[in-house]
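# Examination of the molecular architecture
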Amino acid sequence: GDQVKQSPSALSLQEGTNSALRCNFSIATTTVQWFLQNPRGSLMNLFYLVPGTKENGRLKSTFNSKESYSTLHIRDAQLEDSGTYFCAADNNNAPRFGAGTKLTVKP
Amino acid sequence: GGIITQTPKFLIGQEGQKLTLKCQQNFNHDTMYWYRQDSGKGLRLIYYSITENDLQKGDLSEGYDASREKKSSFSLTVTSAQKNEMAVFLCASRTDTNTGQLYFGEGSKLTVL
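So, a few notes on the structure that sits alongside this text. (Residues numbered from 1 in each chain as written. Chains lettered and ligands numbered in written order. Predicted model: local features only at pLDDT ≥ 70, side-chain atom pairs only at ≥ 80, totals over all residues. Heavy atoms only, no water.)

### Things to note about the state of the cysteines
Residue and element names in this part refer to chain A.
- As enumerated under the stated definition, the model contains two disulfides over all chains in all.
- Between the sulfur atoms of Cys-23 and its disulfide partner Cys-87 the distance amounts to 1.7 Å. Classification of the bridge connecting Cys-23 and Cys-87 rests on its S-S torsion, roughly -100 degrees, and on that basis the disulfide is left-handed. With a gap of 64 residues between them, Cys-23 in strand E3 (residues 19-25) and Cys-87 in strand E9 (residues 83-90) connect regions that are remote in the sequence. Each member of the pair Cys-23 and Cys-87 is classed as buried. (Disulfide = S-S within 2.5 Å. Helix = DSSP H or I, 4+ residues; strand = E, 2+ residues; numbered from the N terminus. Buried < 20%, exposed > 50% of the residue type's maximum accessible area, 1.4 Å probe, protein only.)

### Remarks on the pattern of salt bridges
Residue and element names in this part refer to chain B.
- Applying the stated criterion across every chain yields a total of seven salt bridges over all chains.
- Salt-bridge contacts for Asp-30 lead to Lys-71; the nearest nitrogen and oxygen are separated by 3.3 Å. Pair noted here: Asp-30 is in the loop between strand E3 (19-25) and strand E4 (31-37) and Lys-71 is in the loop between strand E7 (64-70) and strand E8 (73-78), with a separation of 41 residues, a long-range link.
- Asp-30 gets classed as partly exposed once you look at its relative accessible area, which sits at 29%.
- Owing to a relative accessible area of 27%, Lys-71 belongs among the partly exposed residues under this scheme.
- The shortest N-O distance in the salt bridge between Asp-38 and Arg-36 comes to 3.0 Å. As far as the burial class goes, Asp-38 and Arg-36 line up, both buried.
- Through salt bridges with shared partners, a single network forms among Arg-36, Asp-38 and Arg-44. (Salt bridge = Lys/Arg side-chain N within 4 Å of Asp/Glu carboxyl O.)

### Focus: the nonpolar core
- Judged by nonpolar contacts, the single largest core of 23 residues is most densely connected at Phe-25, Trp-34, Leu-46, Phe-47, Leu-72, Tyr-85 and Leu-103 of chain A.
- For this core, the secondary structure elements donating two or more residues are strand E2 (10-14), E3, strand E4 (31-37), strand E5 (43-49), strand E7 (59-64), strand E8 (69-74), E9 and strand E11 (101-106) of chain A.
- Trp-34, Ala-87, Phe-89 and Cys-91 of chain B belong to the second-largest nonpolar core, a separate cluster that totals 21 residues. (Core = buried A, V, L, I, M, F, W, Y, C linked by side-chain atoms within 4.5 Å.)

### Comments concerning unusual backbone geometry
- For the bond running from Ser-7 of chain A to Pro-8 of chain A, omega is -10 degrees, close enough to zero to count as cis.
- Summarising the element assignment, Pro-8 of chain A is placed in the loop between strand E1 (4-7) and E2.
- The omega torsion across Thr-7 of chain B and Pro-8 of chain B is -10 degrees, close enough to zero to call that bond cis.
- As for its position among the elements, Pro-8 of chain B is in the loop between strand E1 (4-7) and strand E2 (10-13).
- In this structure, Asn-28 of chain B is a non-glycine residue whose phi angle is positive, near 65 degrees.
- Looking at the element boundaries, Asn-28 of chain B is found in the loop between E3 and E4.
- In this structure Asn-28 of chain B comes out as exposed when scored by relative accessible area, which is 56%.

### Describing the sheet that holds strand E6 (residues 52-56) of chain A
Residue and element names in this part refer to chain A.
- The antiparallel open sheet is built from five strands, whose spatial order is E1-E3-E8-E7-E6. One side of each edge strand has no neighbouring strand; the edge strands of this open sheet are E1 and E6. Sheet twist, expressed as the average angle between the axes of neighbouring strands with direction ignored, equals 15 degrees. (Pairing = 2+ DSSP bridges. Axes fitted to C-alpha atoms, helices over the stretch in contact; angles between N-to-C directions.)

### A closer look at the interface of chain B and chain A
- Each partner contributes residues to the interface: chain B has 20 residues there, and chain A has 19 residues.
- For the pair chain B and chain A, the summed buried surface comes to about 1,600 Å²; carbon and sulfur atoms form 45% of the total.
- Here chain B is connected to chain A by three salt bridges.
- Residue Arg-40 of chain A is joined to Glu-106 of chain B by a salt bridge in which the shortest nitrogen-to-oxygen separation is 3.7 Å.
- In this assembly, chain B and chain A are joined by eight residue pairs in polar contact (both at pLDDT 80 or more).
- Those elements giving two or more residues to the side of chain B that touches chain A turn out to be E4, strand E5 (43-49), strand E9 (87-94) and strand E10 (103-104) of chain B.
- When the residues that make up the side of chain B that touches chain A are grouped by side-chain class, the tally is nine nonpolar, seven polar and four charged. (Contact = heavy atoms within 4.5 Å. Buried area = accessible area lost by both parts, 1.4 Å probe. Polar contact = N/O pair within 3.5 Å; in protein donor to acceptor, adjacent residues only side chain to side chain. Nonpolar A, V, L, I, M, F, W, Y, C, P; charged D, E, K, R; others polar.)

Any link to function would need more than the numbers given here.
This is the structure we're talking about:
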């Protein structure tokens with residue numbers, strides 16, 4: 001089965017609203033990374049997390065290692081937030097990726 | 001700052017052909033990775049390398065070879081291109097195997113005719 005499960009697979013948001021994306025891990029995970037892939041395919045680093053929470057502008061991410069999940073919260077969604085969000089679970093070996101959440105922000 | 005350069009950006013091959021993709025990084029990172037991304041899907045790990053001359057198989061290593069010629073470069077070879085090998089190959093690096101965020105190149109898009 002999938003080692004990293006992301007949900008939802010797709011999401012449509014109205015500009016200015018809030019939402020949360022989630023990753024569940026079935027492998028031992030020591031750190032988590034979140035990326036945004038733009039339509040051209042470039043991967044942008046959003047967060048690199050040990051267990052705990054980080055915040056950057058309108059984005060906040062939490063990694064709960066005991067319950068094996070991570071969340072990415074988007075506040076006041078903007079059009080430029082559109083793209084595919086990936087989480088990657090690191091188990092001191094090599095990061096494994098989820099299948100992604102495709103986010104569309106509409107005006 | 002640093003950069004990861006992948007060449008070529010686009011590669012067109014024939015079925016059965018041996019094809020090589022190259023990746024260079026100037027971060028002075030120890031660990032480098034090759035991932036494959038099929039259209040609309042996530043990234044799957046092919047090979048990674050902890051240091052120069054080291055190779056570790058990922059989840060999708062069958063049908064591929066890799067070579068870490070020096071610390072700054074990591075090559076991936078498709079040993080026999082298949083019709084279903086149309087994908088984007090992404091190279092990444094980071095400080096070492098256990099810590100640090102991944103940095104990605106822009107990708108190499110493979111199309112097999």
